[in-house]
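So you can see what is in the structure, the chains are spelled out below.
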There are 2 protein chains.
Amino acid sequence: MPKDTFFNLPEDKRTQVIEAALDEFAAVPYAQASVNRIVARAGISKGSFYQYFHSKEDLFLYLLERMGEEKMTYLAPAFAQAETVDFFTLLHDLYAAGLRFGMENPRYAAIGEHLLRARNTPIYERVLRGGAATTQAFFRDLLYKAIERGQVRSDVDLDLMSYLMGELNALILTYHTERVAATYDDRLLATVDRFIDFLRRGLGPTSNASHSLPQNKENKA
Amino acid sequence: MPKDTFFNLPEDKRTQVIEAALDEFAAVPYAQASVNRIVARAGISKGSFYQYFHSKEDLFLYLLERMGEEKMTYLAPAFAQAETVDFFTLLHDLYAAGLRFGMENPRYAAIGEHLLRARNTPIYERVLRGGAATTQAFFRDLLYKAIERGQVRSDVDLDLMSYLMGELNALILTYHTERVAATYDDRLLATVDRFIDFLRRGLGPTSNASHSLPQNKENKA
DNA sequence: CAGTCACATGACCACCTGGTCATATTGTAT
DNA sequence: ATACAATATGACCAGGTGGTCATGTGACTG
């Protein structure tokens, strides 16, 4: 948590600091992020920085907290319908919302990506200890319920697939921003559609292609 | 390219240096890798290091080159059957071989992973310029041929899927080493089997689940 | 023996890092 | 005007970085 001094700051100055920090942490992974560059960009002195934050990590964790809150506002509508809607539809909406968040907040997306790749580094476990929700556990739960409802084959590898579903979210965002376009438009929705359709075929009951309703008949080897 | 001095070294000393470098570059991404730690570990002086290599980058690129060669020896058998075998079978063998490489060469695998996550950093483009083959282009070609042969639906997103197939290779390795086991055994093969089966359902002609033969009938939305 | 060449060495360089702290400036309440 | 606390500041610190270079060592050659 930043010190009181930081929250007492006039809003525009506080914003400047946050903006500068976002730029820095989006540009390079945590270990390479430089406090010196942040203060230079924010137009404050090094001394002031440490009046605002206990450490570089303090600032970083604060940004992650803000990021979590911001992302939730995107995902909330999809979550609201979690119980009433088909698994793949829910998945589609979650992905679309997540991608929209990434597109409209590219710096947050970059930070998240760096973090995802920072496993085995000290900062990562401190972030987890800080209580960051693990996406994978969430997807696992979702998948499990979908199997119970017969919307997903019962012989899928629950662990593997929930892991992949979490990672794929970030992957598709990267793919789309790098190869297609950096704006949130129909093309992104089309990509999501195709991807969910792929998942539906891969995970759903046999012959569950496209938007046909699930059927509970199993088909083993 | 390392200097001649390096290649003139007695083999055991050369090995020491390479071992130390592998340890370092596997432990932390390129930017954080320390020449000082490498020389300490290798038991040579800083001065000697720069008699062997033009720079830290020189050493790093050399390791990548060795890695490429080593990985090829794993993949070669799978490649040999590229023209004669079903797309998903080939994919299965490539994945299995790639994962075996990763399991038996964990430091190479770690380096590769760091690199995969180092896009947007200066070293990455220098690696690409150095001529590293892009996995994605390869998968794209593979997928295209599979479509022509009717082993894959013609309406799949070629770009997206080839991108994902490249990334998923690394992802599955990460998943398996982190969550299942760090040895190459039947469990890894089982994971690959399940994953390929998932792809077969997701990508193949409708009702192409499990090991049934491909059918050429198209099925659009 | 001297000469030459390949290699080994660690002190040293400029530069950067996260973090500290004595001091100066400001705002506010009396 | 005075006092007091909150905030701003940049020189400074110890420790790291990649890279250099004068000097030294040892082996081979004439």
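Residues numbered from 1 in each chain as written. Chains lettered and ligands numbered in written order. Predicted model: local features only at pLDDT ≥ 70, side-chain atom pairs only at ≥ 80, totals over all residues. Heavy atoms only, no water.

1. Digging into the protein's contact with DNA strand C
For step 1, the next point in the chain: With respect to spatial proximity, 18 residues lie near DNA strand C, and among them Ala33(A), Lys46(A), Gly47(B), Ser48(B) and Gln51(B) are the closest.
For step 2, the next point in the chain: Interatomic distance of 2.9 Å between a side-chain N/O atom of Asn36(A) and a phosphate oxygen of DNA strand C.
For step 3, the next point in the chain: One of the side-chain nitrogen or oxygen atoms of Lys13(B) is found 2.7 Å away from a phosphate oxygen of DNA strand C.
For step 4, the next point in the chain: At the level of secondary structure, the elements contributing two or more residues to the surface near DNA strand C comprise helix H3 (35–42) and helix H4 (46–52) of chain A together with helix H1 (4–8) and helix H4 (46–52) of chain B.
For step 5, the next point in the chain: Among the elements that make up the surface near DNA strand C, the one with the highest residue count is H4(B) (four residues). (Near = heavy atom within 4 Å. Polar contact = N/O pair within 3.5 Å; in protein donor to acceptor, adjacent residues only side chain to side chain. Helix = DSSP H or I, 4+ residues; strand = E, 2+ residues; numbered from the N terminus.)

2. Points about the packing of aromatic side chains
For step 1, the next point in the chain: One pass over the full model with this rule turns up 41 aromatic pairs over all chains.
For step 2, the next point in the chain: With a centroid separation of 4.9 Å and an interplanar angle of 50°, the aromatic rings of Tyr30(B) and Phe60(B) are classed as tilted. With a gap of 30 residues between them, Tyr30(B) in the loop between helix H2 (11–27) and helix H3 (35–42) and Phe60(B) in helix H5 (residues 56–80) connect regions that are remote in the sequence. The same class applies to Tyr30(B) and to Phe60(B), which are both buried.
For step 3, the next point in the chain: An aromatic cluster is present here, built from Phe79(A), Tyr95(A), Phe138(A), Phe139(A), Phe195(A), Phe198(A), Phe79(B), Tyr95(B), Phe138(B), Phe139(B), Phe195(B) and Phe198(B) joined pairwise through their rings.
For step 4, the next point in the chain: Over the ring of Tyr30(A) we find Lys56(A), and its NZ or CZ is 4.6 Å from the ring centre. (Phe/Tyr/Trp six-rings, centres within 6.5 Å; stacked < 30°, edge-to-face > 60°. Buried < 20%, exposed > 50% of the residue type's maximum accessible area, 1.4 Å probe, protein only. Lys NZ or Arg CZ within 6 Å of the ring centre and 35° of its normal.)

3. Some remarks on the protein's contact with DNA strand D
For step 1, the next point in the chain: Around DNA strand D there are 18 residues in total, and Gly47(A), Ser48(A), Gln51(A), Ala33(B) and Lys46(B) lie nearest to it.
For step 2, the next point in the chain: Within 4 Å of the protein, atoms of DNA strand D come from sugar and phosphate in 54% of cases.
For step 3, the next point in the chain: Within the contact set of DNA strand D, a phosphate oxygen lies 3.0 Å away from a side-chain nitrogen or oxygen of Lys13(A).
For step 4, the next point in the chain: At 2.7 Å from a phosphate oxygen of DNA strand D is found a side-chain nitrogen or oxygen belonging to Tyr50(B).
For step 5, the next point in the chain: If you list the elements that add at least two residues to the surface near DNA strand D, you get helix H1 (4–8) and H4 of chain A together with H3 and H4 of chain B.
For step 6, the next point in the chain: Ranked by residues supplied to the surface near DNA strand D, first place goes to H4(A) with four residues.
For step 7, the next point in the chain: Residues belonging to the surface near DNA strand D are distributed by class as follows: four nonpolar, ten polar and four charged. (Nonpolar A, V, L, I, M, F, W, Y, C, P; charged D, E, K, R; others polar.)

4. Topic: the pattern of salt bridges
Residue and element names in this part refer to chain A.
For step 1, the next point in the chain: Tallying each qualifying case throughout the model produces 30 salt bridges over all chains.
For step 2, the next point in the chain: Close ionic contact of Lys145 with Asp141 constitutes a salt bridge, the shortest N to O distance being 3.3 Å. One end of the pair is Lys145 and the other is Asp141, both in helix H9 (residues 135–148) and four residues apart, which spans about a single turn.
For step 3, the next point in the chain: Accessibility expressed as a relative area gives 32% for Lys145, which makes it partly exposed. (Salt bridge = Lys/Arg side-chain N within 4 Å of Asp/Glu carboxyl O.)

5. Some points on the relation of the copies chain B and chain A
For step 1, the next point in the chain: Rotating chain B by 180° and translating it 0.0 Å along the rotation axis places it on chain A, where the RMSD comes to 0.1 Å. Here the copies are linked by what is in effect a two-fold axis. Within chain B, Gly202(B) has its C-alpha nearest the rotation axis, a separation of 2.0 Å.
For step 2, the next point in the chain: A shared interface surface links the copies, since 97% of the contact residues of chain B are contact residues in chain A too. (Least-squares fit on C-alpha atoms with pLDDT ≥ 70 in both. Contact = heavy atoms within 4.5 Å.)

6. Observations regarding the nonpolar core
For step 1, the next point in the chain: Residues Phe195(A) and Phe195(B) are the most contacted members of the largest nonpolar core, which totals 76 residues.
For step 2, the next point in the chain: When neighbours within four sequence positions are excluded, Phe195(A) is seen to be in contact with Tyr95(A), Leu168(A), Ile172(A), Leu160(B) and Leu164(B).
For step 3, the next point in the chain: Counting 34 residues, the second largest nonpolar core, distinct from the first, contains Ile38(A), Leu63(A), Phe101(A) and Tyr108(A). (Core = buried A, V, L, I, M, F, W, Y, C linked by side-chain atoms within 4.5 Å.)

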